[in-house]
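Single-letter residue listing:
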Amino acid sequence: MAYHSGYGVHGSKHRARAAPDPSPLFDDTSGGYSSQLGGYPAPGVDVAFNVNHLLGDPVANAAMAYGSSIASHGKDMVNKELHRFVSVNKLKYFFAVDTAYVAKKLGLLVFPYTHQNWEVQYSRDVPLSPRQDLNAPDLYIPTMAFITYVLLAGMALGIQKRFSPEVLGLCASTALVWMVIEVLALLLGLYLATVRSELSTFHLLAYSGYKYVGMILSVLTGLLFGSDGYYVALAWTSSALMYFIVRSLQTAALSPDSMGGPGSRQRVQLYLTLGAAAFQPLIIYWLTFHLVR
Amino acid sequence: MGTKTCHVKVRDANDEELGINFDHIWQKTLTVLNPMKPADGSIMNETDLTGPFLFSVALGASLLLAGKVQFGCVYGMSAIGCLGIHALLNLMSSAGVSYGCVASVLGYCLLPMVILSSCAVFCSLQGTLGTLTVLIFIGWCSLSASKIFISALDMEGQQLLIAYPCALLYGLFALLTVF
C-alpha cells in the first residue's frame, strides 16, 4: 500500500479501515465498525445480507473517503497556485457582461466612427463594470473571439484540405504567442514612458484581444466572397480597429493627475498609442492571410 | 417471514446507497427535450452523473454504428470543454458553480446530439439540408444548456452569452458526427 505514505493525516485513518479487508466474509454487520475487527456473524442472519453490506460499507467507503480527500487536496493546490498569479476578483470584473453590452461593443468594434464619448466612467474611484458602461474593456469578447478564431482556422484549413491537428495547434499557438508579445511590448512601453495609468495587464490583454473580432470577420468574408472580399474586409476592420484603439487608449492612458505634465510625456504616450494601433493591421494580415487563398 | 423482511430491506438499501433518483433523471431529460419550457432552478441541486454517463455511452455507440471509432476524442473533448465552461461560469456568475454540476448539465444536454448521431447512421448529413439540421440541433442543445445554467445560477441577461460557448462545444461534437 505504497500510496498511503504520501498523506500523513489521512494515512492512519485508512490503515485502520484497511486492516479488516483480508477476512470480509466474517464481518459482523449488526454492530457497525467497532465490532468488525473480531466479529463473527450472528447465527441465523442471512449470508445474503452480509454480502450486500460487504459490497457497501468497508471497502467502498474507504475508497470514497480516499478519493474525496485526493480531490479536495488537488483542488486546494490548484486554487493556491492560481491565486498566486491571478486575482480572481479583478478577473471577475472583466467578465461581468450582459448580452446588450456584447452586442453594442461588437457594433462599436466594426463601426466606431459615430461614438462620441469614449471615457470610462467611474463611481467613487472605482471603474464601472462593463454591464453599466459601454467604454469599459471586458475579457469575454476577446476570449470567445480567440476560440472562435481557432475553430474557424480549423474549418478554413479543412475546406482547403490542409487540415491536420498539428497545423491547428500551430495556428493557435502562433496567435497566442503574438498576443503575449504585444502585451509585453505595451507593458514595457508604458513602464519606460513612466505613465501612471489605470491600465493593468488585463486591460491591455482585453484591448489587444479585440483584434480577433476583426480577424474572424475578415476570414469569414474571405471564405464567402474570395480573395477580394478578404482584402476589403481586412481594410475596413483594420481602420475601424485602429480608430477604436486610438480613441480608447487616449482617454485611458491619460490619468487625472498627469494632465498638466510635461509635453514630452504626453507625446510619448501618443506615440505609444499610435504604435499599438499601427501594429494591429499587420498582425491581422499575418495571422489570416494563409487561411484565405 | 425473516426472508421477506430481508428482501425489502436490501432493496431500500440499494436505492439509498446508489443514490439514483429516477424521477429527477426523467424530469431533467424532459427539460432538455423541450427548450421552450422554463427550467426549475432547484433541479440542479444534486449533482448526478448517471444520465450524462448514459448519454455519452449512447453517443459513442451510435458513432460506432456509423463506423467512427472515436471514443477517445469524445471523452477528451468533453473533459476539456467542461473545464472551460466551468471556468467561464465561475468568472461570470456571482455564485460559484462546481465542476460536477457543469459536467452534469452539459451531459444531459448531449441528448439531442445522440439523436442526431443516430440519424447520421441512416442518412448522410453532408450537404445543405444536413448542415441546416446540424445547426438546428446545435442550437437546441446550447439553448437547453444555457437555460438550465441561467436558472440554476440566477444570472440575468446572459443567456445568449452562455449559449455561445456551449454552441461551440456542441459544434465540435457535431463535427465528429458529420465528418
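A brief look at the structure comes next. Model, not experiment: these values are computed from the prediction. (Residues numbered from 1 in each chain as written. Chains lettered and ligands numbered in written order. Predicted model: local features only at pLDDT ≥ 70, side-chain atom pairs only at ≥ 80, totals over all residues. Heavy atoms only, no water.)

What follows deals with the overall build of chain B. Check the secondary structure of chain B and you find 8 helices and 0 strands. Listed by position from the N terminus, the elements making up chain B come as α-α-α-α-α-α-α-α. Each of the 179 residues in chain B was classed as buried or not, and the buried ones make up 44%. A separation threshold of at least 6 residues defines the contact pool for chain B, and within that pool the share at least 24 residues apart is 73%. Put simply, chain B shows about 9,300 Å² of open surface, and 69% of that area lies on carbon and sulfur atoms. (Helix = DSSP H or I, 4+ residues; strand = E, 2+ residues; numbered from the N terminus. Buried < 20%, exposed > 50% of the residue type's maximum accessible area, 1.4 Å probe, protein only. Contact = heavy atoms within 4.5 Å. Areas by Shrake-Rupley, 256 points an atom, 1.4 Å probe, with all protein chains shown as cover.)

Helix and strand counts for chain A come out as 10 helices and 2 strands. The linear arrangement of helices and strands in chain A, starting from the amino end, is α-α-α-α-α-β-β-α-α-α-α-α. Taking all 293 residues of chain A together, the buried fraction comes to 38%. Contacts in chain A between residues far apart in sequence, at least 24 positions, make up 74% of those at least 6 positions apart.

With that settled, consider the side chain of Ser93(B). If you trace the backbone, Ser93(B) turns up in the loop between α4 (71–92) and α5 (99–108). Note on Ser93(B): relative accessible area 3%, which makes it buried. Within the structure, the side chain of Ser93(B) is placed 2.9 Å from the backbone oxygen of Leu89(B), a separation counted as a polar contact. A distance of 2.4 Å separates the side chain of Ser93(B) from the backbone oxygen of Ala95(B), its partner in a polar contact. Discounting residues that sit within four places of it in the chain, Ser93(B) has contacts with Lys92(A), Leu153(B) and Met155(B). (Polar contact = N/O pair within 3.5 Å; in protein donor to acceptor, adjacent residues only side chain to side chain.)

Quick look at helix α8 (residues 201–209) of chain A now. Of all 9 residues making up α8(A), 7 are buried, and the element is well covered by its neighbours. For α8(A), the full list of buried residues reads Phe202(A), His203(A), Leu204(A), Ala206(A), Tyr207(A), Ser208(A) and Gly209(A).

What follows concerns the interface of chain B and chain A. Of the residues lining the interface, 19 residues belong to chain B; the matching set on chain A comes to 18 residues. For the pair chain B and chain A, the interface holds 1 salt bridge. Residues Glu156(B) and Arg131(A) are paired through a salt bridge, measuring 3.7 Å at the closest nitrogen-oxygen approach. Counting every contact that joins chain B to chain A gives 6 residue pairs in polar contact (both at pLDDT 80 or more). Within the residue set of the side of chain B that touches chain A, elements represented by two or more residues are α1 (2–18), α4 and α8 (159–178) of chain B. Of all the elements, α8(B) adds the most residues to the side of chain B that touches chain A, at 7 residues. Taken together, the residues that form the side of chain B that touches chain A break down as 11 nonpolar, 6 polar and 2 charged. (Salt bridge = Lys/Arg side-chain N within 4 Å of Asp/Glu carboxyl O. Nonpolar A, V, L, I, M, F, W, Y, C, P; charged D, E, K, R; others polar.)

This part is about the packing of aromatic side chains. Applying the stated criterion to the full structure yields 19 aromatic pairs over all chains. Taking 5.6 Å as the distance between ring centres and 90° as the angle between the ring planes, the aromatic pair formed by Tyr210(A) and Phe244(A) counts as edge-to-face. Highlighted residues: Tyr210(A) in the loop between α8 and α9 (211–253) and Phe244(A) in helix α9, separated in sequence by 34 residues. Of the two residues, Tyr210(A) and Phe244(A), both sit in the buried class. Considering the side-chain rings of Phe137(B) and Trp140(B), the 5.5 Å spacing of their centres and the 45° angle between planes classify their relative orientation as tilted. Within this pair, Phe137(B) and its partner Trp140(B) are both found in helix α7 (residues 128–153), separated by 3 residues, close to a single helical turn. By relative accessible area, Phe137(B) is classed as buried at 14%. (Phe/Tyr/Trp six-rings, centres within 6.5 Å; stacked < 30°, edge-to-face > 60°.)

All names here are of chain A. Within the element layout of this structure, Ala 153 appears in helix α6 (residues 140–159). A C-alpha to C-alpha distance of 11 Å links Ala 153 and Ala 175, two positions 22 residues apart in sequence. Once residues within four sequence positions are removed from consideration, Ala 153 is found in contact with Leu 168, Cys 171 and Leu 291.

All names here are of chain B. In this structure, Asp 154 is a non-glycine residue whose phi angle is positive, near 60°. Structurally, Asp 154 is set in the loop between α7 and α8. Given a relative accessible area of 61%, Asp 154 falls into the exposed group.

Of all hydrophobic cores here, the largest spans 103 residues; its most connected members are Tyr140(A), Tyr149(A), Met113(B) and Tyr170(B). Beyond its immediate sequence surroundings of up to four residues, Met113(B) is in contact with Leu59(B), Phe137(B), Ile138(B), Cys141(B), Tyr170(B), Phe173(B) and Ala174(B). (Core = buried A, V, L, I, M, F, W, Y, C linked by side-chain atoms within 4.5 Å.)

The analysis is restricted to geometry; functional conclusions fall outside its scope.
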